[in-house]
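# Understanding the architecture of this molecule
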Amino acid sequence: MQLHKSDVIDAAVAIVDQYGLGDLTMRRLASSLQVQPGALYWHVKDKQSLLGAVADRILAPMDDPIEAAEWPAQLTELAHRLRDCLLAYRDGAELVSATYASRLTTSKARERMAGIVIRAGMTREEAELTAYTLLYYVLGQTVDEQSRMQMDSVGALTDDASPLLDSPDPTSRFDFGLQLFLAGVRTILGARVR
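Residues numbered from 1 in each chain as written. Predicted model: local features only at pLDDT ≥ 70, side-chain atom pairs only at ≥ 80, totals over all residues. Heavy atoms only, no water.

As recorded in UniProt, the sites labelled "DNA-binding region" (unreviewed entry) are residues 25-44. Along residues 25-44, the helical share is 60% and the strand share 0%, with 13 Å between the first and last C-alpha atoms. (UniProt positions renumbered as here; feature names shortened; annotations may be inferred. Helix = DSSP H or I, 4+ residues; strand = E, 2+ residues; numbered from the N terminus.)

Right, dumping it as structure tokens:
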């Protein structure tokens, strides 16, 4: 059987999802594919490139069409889609956060967010800062949410500290922060009208 890059990425995603990011090693990946570790380097330059490819796979739904018509709903839709992408995989938020910080992912999610607020009336510079702020809000919230869920699942949290008992629920908490963010964007855009 000939090994393809998609096979390598699929196997890496499966390891991350089953065991966590800390257990994704080139040796373990090669073993899961029943090849020698050197065979992986025909398909990925190094582990960092592999992590970027895994992040791109996790973020693939970010390229799907946006259904909302107005900019606030478009940003909300993308923010929720990003959160859903990250929560779909164990350590998804941590992995994607690391690849964004090191510029390893090729996902255009941030650029899509910037484009939305440019069309709403922001300058490119403001739009870039807005997109980064939203991106890192979603990443930070989701890293925290995933970490707390994982700690709870292994019994590392006391019953009163369990995220399962949090009020409001994680989605409501996420939406509250998102609404604060959108109110700030509206304020910046509203200042232009005056």
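With that settled, the discussion passes to helix α6 (residues 92-101). Taken together, the buried positions of α6 are Gly-92, Ala-93, Leu-95, Val-96, Thr-99 and Tyr-100. End-on view of α6: buried residues confined to an arc of 165°, all on one side of the axis. Arg-103 occupies a position one or two residues after α6 and carries a positive phi of about 60°. (Buried < 20%, exposed > 50% of the residue type's maximum accessible area, 1.4 Å probe, protein only. Arc of directions from axis to C-beta.)

With that settled, consider the pattern of salt bridges. Going through the model one piece at a time under the given rule, you end up with 7 salt bridges. Salt-bridge contacts for Asp-23 lead to Arg-28; the nearest nitrogen and oxygen are separated by 3.8 Å. Between Arg-81 and Glu-77 there is a salt bridge; the shortest N-O distance is 2.8 Å. Here the residue Arg-81 and the residue Glu-77 both occupy positions in helix α5 (residues 71-87), the gap between them amounting to 4 residues, near one helical turn. Given a relative accessible area of 14%, Arg-81 falls into the buried group. (Salt bridge = Lys/Arg side-chain N within 4 Å of Asp/Glu carboxyl O.)

Before going further, it helps to spend a moment on empty space enclosed by the protein. Following the criterion strictly, the structure yields 1 cavity of 30 Å³ or more and no others. Only α8 (124-153) and α9 (170-193) provide two or more residues apiece to the lining of the largest cavity. Residue contributions to the lining of the largest cavity peak at 4 residues, all from α8. Partitioned by chemical class, the residues of the lining of the largest cavity number 2 nonpolar, 1 polar and 5 charged. (1 Å grid on protein atoms, 1.4 Å probe; cavity = no way out; pocket = protein on both sides within 12 Å on 5 of 7 lines; lining within 4 Å. Points joined across faces, edges and corners; volume = space filled by probe spheres on them. Nonpolar A, V, L, I, M, F, W, Y, C, P; charged D, E, K, R; others polar.)

What follows deals with the confidence of the model for the protein. Low pLDDT marks stretches whose predicted atomic positions should not be read closely. When the pLDDT values of the protein are averaged, the result is 89; 89% of them are 70 or greater. For the protein, α8 is the element with the lowest average pLDDT, namely 88, and α5 is the one with the highest, namely 97. (pLDDT = per-residue confidence, 0-100.)

Let us now look at the side chain of Gln-74. With respect to the element layout, Gln-74 can be found in helix α5. On the basis of relative accessible area, Gln-74 is assigned to the buried category, the value being 14%. Not counting residues up to four positions away in its chain, the partners in contact with Gln-74 are Ile-66, Ala-68, Ala-69 and Ile-116. (Contact = heavy atoms within 4.5 Å.)

Our next topic: unusual backbone geometry. Working note: non-glycine residues mostly have negative phi, and peptide bonds are mostly trans. The backbone of Gln-34 shows a phi angle near 60°, a positive value even though the residue is not glycine. Residue placement: Gln-34 occurs in the loop between α2 (26-33) and α3 (37-40). You can call Gln-34 exposed: its relative accessible area is 75%. Its identity is not glycine, yet Arg-103 carries a phi of approximately 60°, on the positive side. Tracing the sequence through the fold places Arg-103 in the loop between α6 and α7 (109-120).

Let's shift gears to the packing of helix α1 (residues 5-19) against α2. Orientation of α1 relative to α2, taken along the N-to-C sense of each, is 115°, at an axis distance of 10 Å. Judged by the inter-axis angle, α1 sits roughly perpendicular to α2. Once α1 is placed against α2, the crossing between them reads as right-handed. Residue-level contacts link Asp-7, Val-8, Ala-11, Ala-12, Ile-15 and Tyr-19 of α1 to Arg-28, Leu-29, Ser-32 and Leu-33 of α2. Among the residues forming the contact of α1 with α2, the class breakdown is 7 nonpolar, 1 polar and 2 charged. (Axes fitted to C-alpha atoms, helices over the stretch in contact; angles between N-to-C directions. Parallel < 35°, antiparallel > 145°, perpendicular 65-115°, else oblique. Left-handed = near helix turned anticlockwise from the far one by under 90°.)

Relative placement of two packed helices is described by the angle separating their axes and the distance separating the axes. As a packed pair, α1 and helix α4 (residues 47-58) sit with axes 10 Å apart at the nearest point and diverge in direction by 80°. By the angle class used here, α1 and α4 are roughly perpendicular. Within the contact between the two elements, α1 uses Lys-5, Ser-6, Val-8, Ile-9, Asp-10, Ala-12 and Val-13 and α4 uses Leu-50, Ala-53, Val-54 and Arg-57. Residues belonging to the contact of α1 with α4 are distributed by class as follows: 7 nonpolar, 1 polar and 3 charged.

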